[in-house]
Amino acid sequence: MSLRLGVNIDHVATIRNARGASYPEPIRAAELALAAGADGITAHLREDRRHISDTDIDLLSDLCRKRGRPLNLEMAVTEEMVGIAVRHRPYAACLVPERREEVTTEGGLDVLRGLDRVRDAVSALRGAGCRVSLFIEADPAQIAASAEAGAQVVELHTGAFCDSVRAGETERAAAILDRLCAGSVEAGRLGLEVHAGHGIDFATVAPIAAIPQIAELNIGHFLIGEAIFVGLPEAIRRMRQLMEAGRLHTEQAA
Ligand code: PXP
């Protein structure tokens, strides 16, 4: 199975908004990312609009439609966000937990506890033609609840794995990676497509890419940061190389 890369351009908007300026423009980053080999663009419209704005979503929707590439809209499970997604009909919608006080999406969605609400959102989004994914921890109960909620995809949260690798916590990292592998197998068994994302950098991408069930990675913060030093196209090219090397390793071992 090939492994797709969705590039999350939120943090171009973070830099723009830090000055209340009109630049740098997320749409320009999206164009560059697609030209450099991103399979799709991911953007998170947060309720507080701290980075991506409604206008950005209009522009990104037009661009992706024109280029025939998927836009993956990350969003909280709220009436407002579901309404926006239903109006824009992005190729994909990814439901994430959201708290105003968090710096970034800190954990997975609790599908188990919010099953009815999530099921309603999934149904509205699927009705608008979106492929719906739920951003969850690699926990068997959350995976089963995601299938029950009617999602086609689960995106497994890789933040804890990436943090533990960076902290040099080898055993903890190995244990989390095992959970990601087992979760991917279980999701595949339930007929769910498996994606992964959060916190991925050059040092952590290969072992995640090596999990054979994973079809897509969504990567943002590291790529936008690395782009400061090497440019966005080069950062994406290098990430793709490392993804492919990780995946090749699995294919050769099979
Ligand atoms: N996937 C999801 C569902 C996310 O919420 C995020 C962060 O917005 C990402 C992927 C990308 O994470 P990062 O910016 O850490 O690469």
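Whatever comes next refers back to the structure up there.
All values derive from a computational prediction rather than experimental measurement. (Residues numbered from 1 in each chain as written. Predicted model: local features only at pLDDT ≥ 70, side-chain atom pairs only at ≥ 80, totals over all residues. Heavy atoms only, no water.)

Undergrad: Give a detailed account of the sheet that holds strand S3 (residues 71–75), specifying residues and quantitative values.
TA: Within a sheet, each strand pairs with its neighbour through backbone hydrogen bonds, oriented either parallel or antiparallel. Here eight strands make up a closed barrel; going around it, the order is S1-S2-S3-S4-S5-S6-S7-S8 and the pairing parallel. On average, each strand axis in the sheet is inclined to that of its neighbour by 25°, with strand direction left out of account. Here strand S1 (residues 4–8) pairs with strand S8 (residues 214–219) via four bridges, running parallel. Opposite Gly-6, over in S8, you have Asn-218 as the bridge partner. (Pairing = 2+ DSSP bridges. Helix = DSSP H or I, 4+ residues; strand = E, 2+ residues; numbered from the N terminus. Axes fitted to C-alpha atoms, helices over the stretch in contact; angles between N-to-C directions.)

Undergrad: Pulling in residues and values, what's your account of the nonpolar core?
TA: Residues Ile-41, Met-75, Leu-95, Val-111, Leu-125, Leu-134 and Leu-217 are the most contacted members of the largest nonpolar core, which totals 75 residues. It is helix H11 (residues 232–253) that contributes the most residues to this core, six residues altogether. Among residues more than four places away in sequence, those in contact with Leu-95 are Met-75, Ala-76, Val-77, Leu-109, Val-118, Ala-121, Val-122, Leu-125, Val-132, Ser-133, Leu-134 and Phe-135. (Core = buried A, V, L, I, M, F, W, Y, C linked by side-chain atoms within 4.5 Å. Buried < 20%, exposed > 50% of the residue type's maximum accessible area, 1.4 Å probe, protein only. Contact = heavy atoms within 4.5 Å.)

Undergrad: Tell me about the environment of Gln-241, and name the residues and values.
TA: Relative to the helices and strands, Gln-241 is located in helix H11. Spatially, the C-alpha atom of Gln-241 lies 33 Å from that of Asp-54, the residues being 187 residues apart in sequence.

Undergrad: Run through the side chain of Glu-155, naming residues and quoting values.
TA: Mapped onto the elements of the fold, Glu-155 is located in strand S6 (residues 153–157). Comment: no salt bridge for buried Glu-155; closest opposite-charge side chain is Arg-131, at 7.0 Å. Among the polar contacts made by the side chain of Glu-155, one reaches the side chain of Asn-218 at a distance of 3.0 Å. When residues no more than four places from it in sequence are discounted, the contact partners of Glu-155 are Cys-94, Ser-133, Leu-134, Phe-135, Ile-136, His-195, Ala-196, Gly-197 and Asn-218. (Lys, Arg positive; Asp, Glu negative; His and termini not counted. Salt bridge = Lys/Arg side-chain N within 4 Å of Asp/Glu carboxyl O. Polar contact = N/O pair within 3.5 Å; in protein donor to acceptor, adjacent residues only side chain to side chain.)

Undergrad: Tell me what's going on with the packing of aromatic side chains, and back it up with residues and numbers.
TA: All chains considered together, the criterion is met by one aromatic pair. Between Phe-202 and Phe-222, the ring centres sit 4.7 Å apart and the planes meet at 75°, which makes this aromatic pair edge-to-face. Placement of Phe-202 in the loop between strand S7 (193–197) and helix H9 (205–209) and of Phe-222 in helix H10 (residues 221–230) is noted, with a sequence separation of 20 residues between them. With relative accessibility at 23%, the residue Phe-222 sits in the partly exposed group. (Phe/Tyr/Trp six-rings, centres within 6.5 Å; stacked < 30°, edge-to-face > 60°.)

Undergrad: Go over the packing of helix H7 (residues 159–166) against helix H8 (residues 170–189) with me, naming the residues and quoting the values.
TA: Remark: H7 packs on H8, axes separated minimally by 8 Å, with the N-to-C direction vectors making an angle of 155°. By the criterion of interaxial angle, the relationship of H7 to H8 is roughly antiparallel. The handedness of the crossing between H7 and H8 is left-handed. For the pair formed by H7 and H8, the contact residues are Ala-160, Phe-161, Ser-164 and Val-165 on the first element and Arg-172, Ala-173, Ile-176, Leu-177 and Leu-180 on the second. Taken together, the residues of the contact of H7 with H8 break down into seven nonpolar, one polar and one charged. (Parallel < 35°, antiparallel > 145°, perpendicular 65-115°, else oblique. Left-handed = near helix turned anticlockwise from the far one by under 90°. Nonpolar A, V, L, I, M, F, W, Y, C, P; charged D, E, K, R; others polar.)

Undergrad: Before we move on, can you summarise the site of the ligand with the specific residues and values?
TA: Of all residues adjacent to the ligand, which total 14 residues, the nearest are Glu-74, Glu-155, Gly-199, Gly-220 and His-221. The separation between an oxygen atom of the ligand and a polar side-chain atom of Glu-74 is 3.2 Å. For the ligand, a nitrogen atom lies 2.5 Å from a polar atom in the side chain of Glu-155. Burial of the ligand by the protein amounts to 95% of the accessible area it has alone, namely 390 Å². By residue class, the composition of the shell around the ligand is four nonpolar, seven polar and three charged. (Near = heavy atom within 4 Å. Areas by Shrake-Rupley, 256 points an atom, 1.4 Å probe, with all protein chains shown as cover.)

Undergrad: I'd like a rundown of the pairing of strand S2 (residues 40–44), residues and numbers included.
TA: Within S2, five of the five residues are buried, leaving the element largely enclosed by the surrounding structure. In S2, alternate side chains face the same way, and those of Gly-40, Thr-42 and His-44 on one face and Ile-41 and Ala-43 on the other are all buried. One ladder, built from three bridges, connects S1 with S2; its direction is parallel. Bridge pairing in S2 links Asn-8 to Thr-42. Both S2 and S3 contribute to a ladder of four bridges, which runs parallel. Bridge pairing links His-44 to Glu-74 in S3.

Undergrad: Quick one: what's the story with helix H2 (residues 26–35), residue by residue and with numbers?
TA: For H2, the full list of buried residues reads Pro-26, Ile-27, Ala-29, Ala-30, Ala-33 and Leu-34. Angularly, the buried residues of H2 cover 155° about the axis, an arc narrow enough to put them on a single face. Projecting away from the buried face of H2 at angles above 90 degrees are the exposed residues Arg-28 and Ala-35. Residues of H2 that are buried in the fold lie against S1, helix H1 (10–18), S2, helix H3 (54–67) and H11. Once H2 ends, the next one or two residues include Gly-37, with phi positive near 110°. (Arc of directions from axis to C-beta.)

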